[in-house]
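Listed here are the chains, written in short residue letters.
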Amino acid sequence: MLKIAPPITDEIPILVRGFIAPKEPENSNSGGGKKLRISRKAQKRISPWTLIFDTETTNDAYQNLRFGTYQLRQDGELIEQGIFYDYRALSEAEISKIRGYANSRDLTVMSLEYFVRDVLIKKGYELRASIAGFNLPFDISRIAALYNSARGRAMKGGFTFHLLDDPYSPYVQVKHLSARAALMQFALPKGNQETRSQRHKGQRNAERRGNFIDLKTIAAALFSRSFSLATLANFLKTPNRKAVTEDHGKRLTHAYLDYAMQDTRVTWECYEALQAEFARHALQSTTMGKVLSEASLGKAYLKDMGIKPFLKCQPDFPPALFGQIMSSYFGGRSEVHIRRKITQVLYCDFLSMYPTVCTLMKLWRFVIANGVDWHDSTAETQGLLERITPDDLQNPATWSQLHVLVCLRPEAQILPIRAKYDDVSPNIGVNYLTAEFPVWYTLADVIASKFLTGKTPVIDQAITFTPRKIQSGLKPVKIAGNENYAVSPRKDDFYCRLINLRNEVKSTIKNAPIADKDGLEATQLALKLLANSTSYGIFMELIASADADHEREWFGIDGQPHALDLTASEKVEDPGPFFHALLGTLITGAARLMLALAEVRAEAQGLDWAFCDTDSMAIAKPSGMDIPEFFEKAKAVCAWFDPLNPYEQKGHLFKIEDANKKPKTEELEPLYAFCISSKRYVLFNYGDDGRPVIRKASAHGLGHFLPPYEEDEALSPLPANISLKEIGIERWQYDLWGEILEAVHSDTPEMVDLNFHPALQQPAVSRYSATSPELLRWFKPYNDSRPKDQKVKPFNFLLTFMAKRAMPSLIGSAPQKAKRGRPKKQTQISPVAPYSKDLREAAKQAFDRETGEPVQIADLMTYSEAISRYHLHPEAKFQAGDYFDKGRTERRHIKAVSPTYIGKESNKLEEQYFTGIDDDALLELGSGDRQTVESLLQSLHKNLSIREISQMTGLGRSTVAKALSGSLDALSRNAKRQLETRLMKLRSENPELTS
């Protein structure tokens, strides 16, 4: 059925992903010198030595080292254990107590400097011992004598720690990657590392980078969840468990020393258990210390199968084509369709969405291919678009025809559009798009548009991709080392095989002997992680780095090279080791097509939908339809997808989630949704007393806050049979959603009681760790005037607050016309404070990170103020999605006035509300059309003076004058970006000025 598009609602630039071409490999023989050869004696080898250590610090904002404990083992056998201490932080009496304790227990005791020199460096560096700990970056930062910013392309943005105050001793470099992982390595000390004979022969010794193993990292990679040392020991069922102490950072007692020694003992036992778990995978291509995430594990399996990455197979793949492929890439679809209105739903999700579409599209054949070929398929693709129907997509064979990219000039087509809908942050909405310039999309997205609009798009060009012949030398692997779970990369569809094996394992767990259950659970988890980690993310991995010394080019829709401006920012993005942009865009396009089909099928049944999120959709009951009929029709939507199930264990591909069912039964009960905006929703039933019973809720937009109170401080107990773990939120978030639902059921749904707990009146606070030199610089004004032991150091916790700001009235306020002239620069303070467990005390220490000036508590937002509009958060990418709008949102009709090219979107936009907007969080490459900007500016200048252009755009006169004089290259990157954005907006608002 043909749908009439609404009139054009917005004329704005759209944001399009671009591709930065990797720099050419450097000629190793350039410069005229001899190529150095690594000595054969310097083969990589696993050392029999293991060093485990842990540090104990002061219990204040500075977390200075007091003492530490360690174990030194050879082939697992305990050779030495002991205590090291920092004499600067302890009294003579405390040092004497440590010595007495060590002597009574036959422990080695030494100073910090001795430990670093004779244990860490001699064993960890010279004998290449594995160095293990829990949260190892923090422990390394505690024992370092000095630190500064790391150099080198791979480690820039991290820290270099000088273990000793000696330039000739090795350094340790640490670069934070995520909350779970960091890169760690030794850096070469000063001086020659080779003998005179080796230098004469052109030989060099292998660099001793070390084998650092953070148990927090490897545990998260193996089990896909976060742990503390205590929860990890409990999970692994180690012989000993982490002890509890009240003396941390306080009195140095024998009990406290027992606690510290126990920590190291438990750390070793966790290390042993994780080694055994990792060994089950029987991976030959990587060591445990190299596994930093689930994706690392997946890549290791691909390497063990002998699979060469795409860019190794086809290094000459045209960067121009990469640019067009990247311009078609969008992430998962996440939208709210029924906003701020209670709606009965059936909440469903697709079984293993990304592995499933990989299987249906036969993308494994691309992974094992020796590259790809492509050809123009415009005529045949247009023909396919003309005749295809939703029922054709019930045939799995149809999905293998979707290896196609399509170029078109959309005329009111429903397509993914990335834009700054709120003029601040980039967001992706599936909206109507009209554009006079060509854009690239996956064929899956264009088919979805046809189904959603009833109108067949007319395309300019289509490119079909086909895999080349299969790589040689592929080898089978045994998943988790199990003979029964062998996978042949040549014969099996890897993704289908993994899900089949997982289903097989899960079906045997219930009836398995108790002794076998743990092993089976570990195997099914390994299969799940492997399927998810190899079916999407690794193909779109882009590694941010600094490369200011090299000229780089980027490509976009037109396939033309554009010079990358590195004058204002050194940030670039390089492809990860298994980068394959074609697969990344095909996979996400197919997932969006699945959701579009669910939307279409729901509409065909006379149903609606409340929200969707990547692989899930809440099908909504229309008013007037009775519940049995709704269940019947919603189940029919789910059943429509059954023919697409590619797995041996048949059943619903579009599954009804457990939240719809009465606890511990298969019986459906009415489930209701209240949605605010993308990823902000709550699902609930009504209890016997008629009150809402929350089944699932989102913490999106709340997760960066520290809890204002703990679960045992709540004012009322949780209802029986309620599990916060199953709901997926913290106790205070549960209480907030309860208050939101309470208001929704009242006559004043906008008036949520945000005083439901006294703790909400304290300043809202978020905790970060000083994981980079950039974050640590926030404390430069604070640190400059303080002695060393009172400075905030790398990996210390720090707190950020929210400054109060003028809030525009939401009710009855009309937008005011902008005044002429340059707007006044707004001064916004950015409050931070050293870490303290007492958040009220920390607030008293808050200061502005830009100026170092103290910030009064009265100038800090409370929790109640910070979340005052949480329940009204707009869904800006759609119409009828403003603060007080409720009911159905409607798709916007966007007219794209220009494409602006960007790199990877920031995934910390919520956090920027706390930490301040980061202009560099989004890498903007430019429009790719310099002539458009220059000609537009010249056209404006025919009708307006420099002063008038400056007033209308808010740009400085000097900026406008430079651009008009042809000195565009003299402008900073930020000035160019502002110039382009504001000129495009001015053109769309005042077309007569450029006529």
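The paragraphs below set out a description of the structure included in this document. Note that the structure is predicted; figures quoted are calculated from it, not measured.

Reading the values: the criteria
- Residues numbered from 1 in each chain as written.
- Predicted model: local features only at pLDDT ≥ 70, side-chain atom pairs only at ≥ 80, totals over all residues.
- Heavy atoms only, no water.
- Pairing = 2+ DSSP bridges.
- Helix = DSSP H or I, 4+ residues; strand = E, 2+ residues; numbered from the N terminus.
- Axes fitted to C-alpha atoms, helices over the stretch in contact; angles between N-to-C directions.
- Buried < 20%, exposed > 50% of the residue type's maximum accessible area, 1.4 Å probe, protein only.
- Contact = heavy atoms within 4.5 Å.
- Core = buried A, V, L, I, M, F, W, Y, C linked by side-chain atoms within 4.5 Å.
- Expected span 1.5 Å × (residues − 1).
- Right-handed = clockwise from strand over helix to strand, strands pointing away.
- Patch = residues over 30% accessible without salt bridge, like charges linked within 9 Å, V, L, I, M, F, W, Y side chains within 5 Å.
- Areas by Shrake-Rupley, 256 points an atom, 1.4 Å probe, with all protein chains shown as cover.
- Salt bridge = Lys/Arg side-chain N within 4 Å of Asp/Glu carboxyl O.
- Lys, Arg positive; Asp, Glu negative; His and termini not counted.
- Charge placed at Lys NZ, Arg CZ, Asp CG, Glu CD.
- Phe/Tyr/Trp six-rings, centres within 6.5 Å; stacked < 30°, edge-to-face > 60°.
- Lys NZ or Arg CZ within 6 Å of the ring centre and 35° of its normal.
- Polar contact = N/O pair within 3.5 Å; in protein donor to acceptor, adjacent residues only side chain to side chain.

**With respect to the sheet that holds strand β23 (residues 461-467)**
- Spatial strand order, β18-β23-β19-β22: four strands in an open sheet with antiparallel pairing. Of all the strands in the sheet, just β18 (372-376) and β22 (439-442) have a single pairing partner and so form its edges. On average, each strand axis in the sheet is inclined to that of its neighbour by 25 degrees, with strand direction left out of account.
- Bridge count for strand β19 (residues 404-408) against β22 is four bridges, and the pairing is antiparallel. When the bridges of β22 are listed, cysteine 407 appears paired with tryptophan 440.

**A word on the environment of threonine 217**
- Along the chain, threonine 217 turns up in helix α5 (residues 215-223).
- The class for threonine 217 is buried, based on a relative accessible area of 4%.
- With 74 residues separating them along the chain, threonine 217 and valine 291 place their C-alpha atoms 7.9 Å apart.
- Those residues in contact with threonine 217, other than ones at most four positions away along the chain, are Arg180, Ala181, Ala182, Val291 and Leu292.

**Side note on the nonpolar core**
- Grouped together as the largest cluster of nonpolar side chains are 170 residues, with contacts concentrated most on Trp399, Phe465, Ile479, Met594, Phe641 and Phe654.
- Take this core: its biggest share by element is 15 residues, from helix α18 (residues 581-604).
- Setting aside residues up to four positions removed in sequence, tryptophan 399 forms contacts with Leu360, Met361, Leu393, Ala590, Leu593, Met594, Leu597 and Leu644.
- Among the nonpolar cores identified, the runner-up in size contains 47 residues, and Val682, Val752, Ala842 and Met861 belong to it.

**Points about the pairing of β19**
- For β19, the buried fraction is high: five of the five residues fall into the buried class.
- Bridge count for β19 against β23 is four bridges, and the pairing is antiparallel. From the neighbouring strand, cysteine 407 faces β23, where its bridge partner is glutamine 461.

**Overview of helix α21 (residues 731-744)**
- Counted at 1.5 Å a residue, the expected span for α21 with its 14 residues is 20 Å, and the 20 Å between its end C-alpha atoms agrees.
- The inward-facing, buried residues of α21 contact β33 (671-677), β34 (680-686), β35 (692-697) and α20 (724-727).

**Topic: the pairing of strand β6 (residues 77-85)**
- One ladder, built from eight bridges, connects strand β5 (residues 65-74) with β6; its direction is antiparallel. Bridge pairing in β6 links glutamine 74 to glutamate 77.
- Between β5 and β6, which pair antiparallel in sequence order, lie two residues; one of them, aspartate 75, sits at a positive phi of approximately 55 degrees.
- Where β6 meets strand β7 (residues 108-111), four bridges bridge the pair, whose relative direction is parallel. The residue of β7 that forms the bridge with glycine 82 is threonine 108.
- Handedness of the crossover joining β6 and β7 through helix α1 (residues 92-104): right-handed.

**Some details on the sheet that holds strand β38 (residues 831-834)**
- If you walk across this open sheet you meet the four strands as β36-β37-β38-β39, and the pairing is antiparallel. With one partner strand each, in any of the chains shown, β36 (765-769) and β39 (847-848) form the two edges of the open sheet.
- Judged from the two bridges that link them, β38 and β39 form a sheet pairing that is antiparallel. Each residue of the ladder has a partner; that of valine 832, found in β39, is phenylalanine 847.

**A short note on a negative patch on the surface**
- Taken together, the side chains of Glu710, Glu711, Asp712, Glu713 and Glu730 define an acidic patch exposed on the protein surface.
- Inspection of the secondary structure assignment puts glutamate 730 in the loop between α20 and α21.

**Considerations on helix α17 (residues 514-534)**
- With 21 residues, α17 ought to run about 30 Å at 1.5 Å a step, and its terminal C-alpha atoms sit 31 Å apart, in line with that.
- Every buried residue of α17 is listed here: Leu520, Ala522, Thr523, Gln524, Leu525, Ala526, Leu527, Leu529, Leu530, Ala531, Ser533 and Thr534.

**So, unusual backbone geometry**
- The phi torsion at asparagine 135 lies on the positive side, around 60 degrees, for a residue other than glycine.
- On the basis of relative accessibility, which here comes to 28%, the residue asparagine 135 falls in the partly exposed class.
- Located in the positive-phi region is lysine 679, a residue other than glycine, with phi close to 70 degrees.
- Within the fold, lysine 679 resides in the loop between β33 and β34.

**A few points about the packing of aromatic side chains**
- Enumeration over the complete set of coordinates arrives at 46 aromatic pairs.
- For the pair tryptophan 364 and tyrosine 495, a centre-to-centre distance of 5.6 Å together with 90 degrees between the ring planes defines the contact as edge-to-face. Of the two residues, tryptophan 364 sits in helix α12 (residues 364-367) while tyrosine 495 sits in helix α16 (residues 494-509), which places them 131 residues apart along the sequence. Of the two residues, tryptophan 364 and tyrosine 495, neither departs from the other in class, the shared state being buried.
- Each ring, one from phenylalanine 494 and one from tyrosine 495, has its centre 5.8 Å from the other, and the planes form 70 degrees; the classification is edge-to-face. Across the pair, exposure class does not vary: phenylalanine 494 and tyrosine 495 are buried alike.
- An aromatic cluster of at least three residues, connected via ring pairs, comprises Phe19, Phe310, Phe317, Phe322, Trp374 and Phe579.
- The ring of tryptophan 49 is capped by lysine 123, whose NZ or CZ atom sits 5.7 Å from the centre of that ring.
- Looking at arginine 767, its charged tip hangs above the ring of phenylalanine 797, at a distance of 4.0 Å from the centre.

**Observations concerning the pattern of salt bridges**
- This structure, assessed with the given rule, holds 37 salt bridges.
- Across the pair aspartate 608 and arginine 888 runs a salt bridge, and its minimum N-O distance is 2.6 Å. Here the residue aspartate 608 occupies a position in strand β30 (residues 608-613), and arginine 888 occupies one in strand β41 (residues 887-888), the gap between them amounting to 280 residues.
- Taking the relative accessible area as the measure of exposure, aspartate 608 reaches 15% and is therefore buried.
- Under the relative-accessibility criterion, arginine 888 is labelled partly exposed at 43%.
- Overlapping salt bridges bring together Arg333, Glu335, Glu599 and Arg891 as one network.

**Comments concerning the environment of lysine 804**
- As for its placement among the helices and strands, lysine 804 is situated in the loop between β37 (797-801) and β38.
- For the pair lysine 804 and aspartate 859, spaced 55 residues apart in the sequence, the C-alpha separation amounts to 5.5 Å.
- Beyond its immediate stretch of four places on either side in the chain, lysine 804 contacts Gln828, Ala858, Asp859, Leu860, Met861 and Glu865.
- From its side chain, lysine 804 meets the backbone oxygen of alanine 858 in a polar contact 3.2 Å long.

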